[in-house]
Amino acid sequence: MTSPDEIISVKNVFKIFGAHPDAAMKMLAAGASKKDVFEKTGQVIGVFDASFAVKRGEIFVIMGLSGSGKSTMVRLFNRLIEPTSGSIYLNGREITGLADKALLDVRRKEMGMVFQSFALMPHMSVLENTAFGLEISGISEKERHSRAREALSQVGLAGQEHSYPHQLSGGMQQRVGLARALANDPTILLMDEAFSALDPLIRSEMQGELIRLQAEQKRTIIFISHDIEEAVRIGHRIAIMEGGQVVQIGTPQELISQPANDYVRTFFKGFDSSRILKAGDVARLDPEWVRKLNGQAPQFKAGLPFGYLIDEGGQLLGVVDIDTSGAGGSTHYTQHQQHPVFTDTPLHEVLEIAANLPYPVPVLDRSGALTGTLSKSELLQTLSRH
């Protein structure tokens, strides 16, 4: 069974390239490695025991180095290639066993595909290119042109209907490719390295266009990429593949903060994680530093330079210096002006605040409750690790 919020569910999927996949599967079942299988049988493991789900209405990015299996995976979704073993479900319906006619219906009505190459017909106008898939499906000319015009308007190409591909820039040509996929109003949009052939500025523009479209239409998009900057910018969640295996899935913050292994960690090497991480991702709460004000003088552990005062509901009341050098060992408190940040404050905005405070920055949730603190050293350690 699949969850109602899952649009695609992948269960124990293998893809083996070669003439003897059964022999390779037996070796894998016996514990052989991908390398062992290739050396003894010549079979190549494209995808190894993949199990995950894509949520309805999210941009799900699959990324990895060349040969990691990411493009193989997306072709398994629409069965441009057949899985060797395992099951794939679309809206709770298994599509791995569909006959040709039913599979064709799924491709035409449920899935749109945008490739790296624009794949436009040079002798066709922009309108005709956009309506091409609908024409193949037998949609009347009036309806397919109406739907094509609507799709072109969605991607910012209204007025270009009668132009030809050679008259358009690379970015505009890719917009036509995107409009062609949208014209069919697919349940899910599959995009394989769709922007990698574009110049950096146009690529950034297209990424922004995709984010806008998803926000407006709540479309489910599976996007294949090898670029961590692109993945982090557009992806709600990212699946990282290595050697045909899905090694980790998570939000950009989760992958940066808790990488599963060195392979995942290397993707973020040199990446400015302060743009992605929020204060709440790295803040930690030390109970020794926190005391409730309940009508009595707070008692902090000896030796602590600072303390955080909260009320019975956990709301931050103030930050104090703790001075135990008074007569008879009495404790004196000096209250500081508060400079809290929130759990959703980007880490790069915390840096300047932390640099100018003598105490760790208090981090609050949006109700005002103290969730943790961030010191200068913790910030530097966090950023140096990433």
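The name given to the protein in an unreviewed UniProt entry is Quaternary amine transport ATP-binding protein, with Pseudomonas zanjanensis as the source organism. Under the Subunit (unreviewed entry) heading, UniProt states for the protein: "The complex is probably composed of two ATP-binding proteins, two transmembrane proteins and a solute-binding protein." Listed under Catalytic activity (unreviewed entry) in UniProt, the entry text for the protein is "a quaternary ammonium(out) + ATP + H2O = a quaternary ammonium(in) + ADP + phosphate + H(+)".

**Q** Would you take a moment to explain the overall build of the protein for this structure?
**A** Each helix and strand in the protein was counted, giving 15 helices and 17 strands. Its C-alpha atoms give the protein a radius of gyration of 27 Å, clearly above 21 Å, the size a compact globule of 386 residues would have. With respect to the principal axes defined by its C-alpha atoms, the protein has extents near 90 × 60 × 35 Å. Expressed as a percentage of its 386 residues, the buried residues of the protein come to 47%. Taking all contacts inside the protein whose residues are at least 6 apart in sequence as the whole, residues at least 24 apart take part in 61%. In the structure as shown, the protein presents an accessible area of about 18500 Å², 51% of it carried by carbon and sulfur atoms. Separation of charge centres in the protein, based on 39 positive and 44 negative side chains, amounts to 5 Å.

**Q** Would you mind showing me how to read the packing of aromatic side chains here?
**A** Two aromatic rings, taken as a pair, are described by how far apart their centres are and by the angle between their planes. Throughout the structure, instances matching the rule amount to seven aromatic pairs. Both rings, one in Phe14 and one in Phe48, keep their centres 5.3 Å apart while their planes meet at 75 degrees; by these two values the pair is edge-to-face. In this pair, Phe14 sits in strand β1 (residues 6-17) while Phe48 sits in strand β2 (residues 44-55), placing the two residues 34 residues apart along the sequence. Residue Phe14 is classed as buried on the basis of its relative accessible area of 12%. Linked through ring pairs, Phe52, Phe60 and Phe77 together constitute an aromatic cluster. Positioned above the aromatic ring of Phe17 is the side chain of Lys15, whose terminal nitrogen or guanidinium carbon lies 5.2 Å from the ring centre. Geometry around Phe342 places Arg366 over its ring, the cationic atom sitting 3.9 Å from the centre.

**Q** Can you walk me through the pattern of salt bridges in this structure?
**A** Side chains that differ in charge, positive against negative, can pair when their charged atoms come close. Summed over all chains, the structure comprises 16 salt bridges. Its salt-bridge partner being Arg265, residue Asp262 comes within 2.4 Å of it at the nearest N-O pair. Of this pair, Asp262 and Arg265 both sit in helix α12 (residues 262-267), three residues apart, roughly one helical turn. Overall, Asp262 belongs to the exposed group, its relative accessible area being 55%. Of the residues examined, Arg265 reaches a relative accessible area of 37% and is grouped as partly exposed. Residues joined by salt bridges that share partners form a network here, namely Arg175, Glu205, Glu209, Arg212 and Glu216.

**Q** Where do I start with the sheet that holds strand β16 (residues 361-364) in this structure?
**A** Adjacent strands of a sheet pair through backbone hydrogen bonds, lying either parallel or antiparallel. The strand order β15-β16-β17 describes an open sheet built from three strands, whose pairing is mixed. For this open sheet the edge positions go to β15 (341-342) and β17 (370-374), each flanked by a neighbour on one side alone. Pairing of β16 with β17, which is carried by four bridges, proceeds in the antiparallel orientation. From the neighbouring strand, Leu364 faces β17, where its bridge partner is Leu370. Seen against the sheet, helix α14 (residues 347-355) touches β15, β16 and β17 and runs at an angle of roughly 145 degrees to β16.

**Q** Would you explain unusual backbone geometry in this entry?
**A** Among all residues except glycine, the phi angle is most often negative; among peptide bonds, the trans geometry is most common. Of note in this structure, Asn12 is not a glycine but carries a positive phi near 50 degrees. Here Asn12 lies in strand β1. Taking the relative accessible area as the measure of exposure, Asn12 reaches 43% and is therefore partly exposed. A positive phi angle is found at Arg79, which is not glycine, with a value near 55 degrees. Locating Arg79 in the fold gives a position in the loop between α3 (70-77) and β4 (85-90). According to the relative accessible area criterion, Arg79 is buried, its value standing at 8%.

**Q** What's the story with a nonpolar patch on the surface in this structure? I'm lost.
**A** On the surface, Phe17, Phe38 and Val44 cluster together into a nonpolar patch covering about 260 Å² of accessible area. In this fold, Phe38 is placed in helix α2 (residues 34-41).

**Q** When you look at the nonpolar core in this model, what are you seeing that I'm missing?
**A** Note that soluble globular proteins tend to have their nonpolar side chains buried in a common cluster. In this structure, Leu178, Met191, Phe223, Ile240, Phe268 and Leu374 are the most contacted members of the largest nonpolar core, which totals 67 residues. Of the residues forming this core, the biggest block, six residues, is contributed by helix α8 (residues 170-183). Apart from the residues within four sequence positions on either side, Leu178 is in contact with Val114, Val155, Leu189, Met191, Met206 and Leu213. Membership of the second largest hydrophobic core comes to 29 residues, among which are Val47, Phe52, Val106 and Leu190.

Procedures and definitions
- Residues numbered from 1 in each chain as written.
- Predicted model: local features only at pLDDT ≥ 70, side-chain atom pairs only at ≥ 80, totals over all residues.
- Heavy atoms only, no water.
- UniProt positions renumbered as here; feature names shortened; annotations may be inferred.
- Helix = DSSP H or I, 4+ residues; strand = E, 2+ residues; numbered from the N terminus.
- Rg over C-alpha atoms; globule rule 2.2 N^0.38 Å.
- Buried < 20%, exposed > 50% of the residue type's maximum accessible area, 1.4 Å probe, protein only.
- Contact = heavy atoms within 4.5 Å.
- Areas by Shrake-Rupley, 256 points an atom, 1.4 Å probe, with all protein chains shown as cover.
- Lys, Arg positive; Asp, Glu negative; His and termini not counted.
- Charge placed at Lys NZ, Arg CZ, Asp CG, Glu CD.
- Phe/Tyr/Trp six-rings, centres within 6.5 Å; stacked < 30°, edge-to-face > 60°.
- Lys NZ or Arg CZ within 6 Å of the ring centre and 35° of its normal.
- Salt bridge = Lys/Arg side-chain N within 4 Å of Asp/Glu carboxyl O.
- Pairing = 2+ DSSP bridges.
- Axes fitted to C-alpha atoms, helices over the stretch in contact; angles between N-to-C directions.
- Patch = residues over 30% accessible without salt bridge, like charges linked within 9 Å, V, L, I, M, F, W, Y side chains within 5 Å.
- Core = buried A, V, L, I, M, F, W, Y, C linked by side-chain atoms within 4.5 Å.

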